[in-house]
Structure formats: structure tokens, C-alpha cells
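A look at the structure
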Amino acid sequence: MIISFKIGERSVEADLNQPMDISIPLRSGPENVNAWYVDPPRIEPHREGDFTGSIREGASTNFNDISFNPHAHVTHTECLGHITPENQSVNQTLKHFFFHAWLITLAPEKKGDDHIISRKQLERTLKEDRYEALVIRTLPNTRGKLNRQYSHTNPPYFTEEAMELLVERGVEHLLVDLPSVDREKDEGKLLAHKAFWGLNAKMRPGSTITEFIYVPHMIEDGEYLLEIQFAPIENDASPSRPVLYKIR
Ligand SMILES: N[C@@H](CC(=O)c1ccccc1NC=O)C(=O)O
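Computed from a prediction, not measured in an experiment: that's the story for all the values here.

How each quantity is defined
- Residues numbered from 1 in each chain as written.
- Predicted model: local features only at pLDDT ≥ 70, side-chain atom pairs only at ≥ 80, totals over all residues.
- Heavy atoms only, no water.
- Helix = DSSP H or I, 4+ residues; strand = E, 2+ residues; numbered from the N terminus.
- Rg over C-alpha atoms; globule rule 2.2 N^0.38 Å.
- Buried < 20%, exposed > 50% of the residue type's maximum accessible area, 1.4 Å probe, protein only.
- Contact = heavy atoms within 4.5 Å.
- Areas by Shrake-Rupley, 256 points an atom, 1.4 Å probe, with all protein chains shown as cover.
- Lys, Arg positive; Asp, Glu negative; His and termini not counted.
- Charge placed at Lys NZ, Arg CZ, Asp CG, Glu CD.
- Core = buried A, V, L, I, M, F, W, Y, C linked by side-chain atoms within 4.5 Å.
- Near = heavy atom within 4 Å.
- Polar contact = N/O pair within 3.5 Å; in protein donor to acceptor, adjacent residues only side chain to side chain.
- Nonpolar A, V, L, I, M, F, W, Y, C, P; charged D, E, K, R; others polar.
- Pairing = 2+ DSSP bridges.
- Right-handed = clockwise from strand over helix to strand, strands pointing away.
- Salt bridge = Lys/Arg side-chain N within 4 Å of Asp/Glu carboxyl O.

1. Brief notes about the overall build of the protein
Regarding its fold elements, the protein presents 5 helices and 17 strands. Taking 248 residues into account, the globule formula puts the C-alpha radius of gyration at 18 Å, and the protein, at 19 Å, falls close to it. Along the longest, intermediate and shortest principal axes, the C-alpha atoms of the protein span 60 × 50 × 35 Å. In the protein, which comprises 248 residues, the share counted as buried stands at 50%. For the protein, the share of sequence-separated contacts (at least 6 apart) that also reach a separation of at least 24 residues comes to 71%. Accessible area of the protein: about 12,900 Å², with a carbon and sulfur share of 51%. Separation of charge centres in the protein, based on 28 positive and 37 negative side chains, amounts to 5 Å.

The following block contains the structure:
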């Protein structure tokens with residue numbers, strides 16, 4: 001199916017039969033991507049008394065329980081509720097699912113023992129005045145991102161000033177291939193998350209951050225139609241499947 005749509009006054013098309021999935025799937029066990037010091041996710045037959053929800057073990061159907069943490073184990077979209085005492089649900093935050101997005105690629109800069117995405121670096125790369133959604137692929141970009149064990153590795157993160165620039169450029173939905181936009185160990189400061197959601201300025205409760213994406217090499221930097229779908233769970237974050245479509 002080819003769809004025609006408008007971005008502002010510009011008429012464009014996209015082929016819905018050519019989706020580019022940029023999610024990391026969830027699988028059972030230690031091969032799954034992991035962060036935040038938690039055990040691997042589990043997908044296993046439901047057990048109750050002498051019932052085991054597996055056809056191989058005599059049940060009429062396969063009937064698995066799934067145990068995972070959206071922040072630790074899978075591509076997930078999160079809302080302001082990730083960092084506020086009030087319960088806020090991503091399922092109430094995101095009410096439409098197609099966005100005008102740009103994909104950019106950056107090599108985080110070394111700063112002491114850290115690797116950071118800085119404001120300067122973003123200023124050099126961001127050519128548009130305004131963005132609705134921004135997808136950031138970091139280098140090196142290998143399939144290792146699909147099952148990396150991130151705990152205690154101090155992954156790259158965004159500086160507060162970098163996030164302020166994204167807010168200035170109107171970015172409502174930010175997607176990154178890292179476990180977090182903040183430093184792994186920052187004593188709970190969460191400066192980048194707070195800057196993005198405007199906790200010390202104008203609050204941006206409709207904005208979302210999607211972490212743990214994986215953008216394969218063959219997808220070129222540029223402009224896309226982005227679809228973000230997620231499981232309708234009332235929680236600060238939910239596992240999501242962002243998909244890009246070429247705009248032409
Ligand atoms: N850096 C924070 C922890 C943190 O950022 C975090 C902890 C658990 C799950 C997700 C986190 N950050 C992510 O988006 C800290 O050191 O307290």
C-alpha cells in the first residue's frame with residue numbers, strides 16, 4: 001500500500017509495504033540485551049499445581065508467562081512518569097503514532113572516562129530548525145547492540161546542554177540506541193531526562209524517549225515517516241516497535 005500524505009504544505013508518499021523495523025526483540029535468557037543489573041528476561045510455561053502450559057508437557061496449548069523489565073531488556077518508549085513521583089502512563093501520553101522523523105548518526109565524543117553526545121556535536125549535525133521526532137544512531141554500530149550486557153560499562157550519554165538543544169529544536173519524540181540518555185551512574189541526577197521533559201523549565205508531558213533501538217547500517221541517514229507502536233500497558237514505559245518508512 002502506498003500512502004500519500006502532507007508534511008506541512010509538502011505532498012509526499014510512503015510505501016507501507018517497506019517497513020524498516022528499528023526495535024530490538026525480547027527473547028528469553030542471557031542472550032537478551034541487558035542493563036541496570038537485573039537478571040535476564042524469562043519466557044516460560046505457566047505452572048500451577050501439576051499443570052505446565054506447554055504442549056510438549058501435555059497441555060492443549062502453549063501458555064507462557066513472560067517476565068521482563070522494559071527499561072532493562074528491550075526497545076521501550078517511556079514518558080515523564082519515568083522520573084516523577086506521580087504515576088504517569090506512556091499509554092495515556094502517546095495518542096497518535098505516526099511522526100515526521102529524521103535519522104542522524106553520531107560518534108559519541110570521549111570526555112575523560114566517558115563518551116558523551118554534546119550540544120556542539122548536535123549543532124553541527126542538525127540541519128533543520130524544527131524536528132518532531134529525532135532518531136539517533138551511535139557509532140560504532142554493530143549487531144552487538146542486539147545482545148550487549150551494559151551493566152557497569154558506562155555507556156555513552158547526552159549532556160544536559162545537548163538535551164536543551166533538542167528541546168529548543170522542538171523534538172517531541174527522541175529515539176536512541178543506548179540504554180539511557182543519562183549517565184549509567186549519576187547519583188540519580190538524570191540531567192538529560194529532566195532537561196528533555198522540562199522539569200526545571202516548561203514541562204513537556206507529551207514528549208517521549210525511546211531507548212534501546214537498533215538501526216541497521218543499511219538504513220541511510222535522512223527523513224522518514226516514523227511509526228511508534230507499543231504494548232498498551234499503563235506504566236511509565238512499555239516495550240515498543242518503532243518502524244521507519246522512506247518518504248518520497
Ligand atoms: N543513572 C541513574 C539510574 C538510571 O538512570 C536508571 C536506573 C534504572 C532504570 C533506568 C535508568 N535510567 C534510564 O533510563 C542513577 O545513577 O541513579
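There is more to say, and it comes next.
2. Here we look at the nonpolar core
Burial of nonpolar side chains together is a common tendency in soluble globular proteins. Ranked by internal contacts, the top residues of the largest apolar core, which has 25 residues, are L122, L134, I136, F158, M163, L166 and L174. Elements supplying a minimum of two residues to this core: β9 (98–106), β12 (133–138), α4 (160–168), β14 (173–176) and α5 (191–196). A per-element tally of this core places α4 first, with 4 residues. Setting aside chain neighbours within four positions, we find F158 in contact with I117, I136, M163, L166, V176, L178, V181 and A192. Ranked by size, the runner-up nonpolar core spans 19 residues in total, among them M20, V90, A101 and L103.

3. Description of the site of the ligand
Neighbouring the ligand are the residues W36, H82, S180, R183, E184, K185, D186, E187, G188, L190, H193 and E211. Take E184: an N or O atom from its main chain is 2.8 Å from a nitrogen atom of the ligand. Measuring from an oxygen atom of the ligand, one finds a side-chain N or O atom of E211 at 3.4 Å. The fraction of the free accessible surface of the ligand (400 Å²) that becomes covered by protein chains is 75%. A breakdown of the residues in the shell around the ligand according to their chemical character gives 2 nonpolar, 4 polar and 6 charged.

4. So, the pairing of strand β15 (residues 208–211)
Where a strand is regular, its side chains alternate between the two sheet faces. Of the two faces of β15, the one lined by T208 and T210 and the one lined by I209 and E211 are each fully buried. Across 3 bridges, the pairing between strand β8 (residues 76–78) and β15 is antiparallel. Residue pairing for β15: H76 is matched across the bridge by E211. Here β14 runs beside β15; their pairing, made up of 3 bridges, is parallel. Within the sheet, the bridge partner assigned to H173 lies in β15 and is T208. For the segment spanning β14, α5 and β15, crossover handedness is right-handed.

5. Points about the side chain of H76
Its location among the elements puts H76 in strand β8. We classify H76 as buried; its relative accessible area is 0%. Of the polar contacts made by the side chain of H76, one reaches the backbone oxygen of P70; its length is 2.8 Å. At a separation of 3.5 Å, a polar atom in the side chain of H76 contacts the side chain of H71. Ignoring sequence-local partners within four residues, the contact set of H76 consists of P70, H71, I209, T210, E211, F212, A237, S238, P239 and S240.

6. A closer look at the pattern of salt bridges
Pairing between side chains of opposite charge can happen when their charged atoms approach one another. In the structure shown here, the tally under the stated rule is 11 salt bridges. Across the pair R137 and D221 runs a salt bridge, and its minimum N-O distance is 2.8 Å. Linking R137 in strand β12 with D221 in the loop between β15 and β16 (222–230), this pair joins segments that are 84 residues apart in sequence. Residue D221 is classed as partly exposed on the basis of its relative accessible area of 40%. With a closest N to O distance of 3.1 Å, E187 and K189 form a salt bridge. Judged by its relative accessible area of 74%, E187 falls in the exposed class. Through salt bridges that share partners, R119, E123 and E168 make up one connected network.

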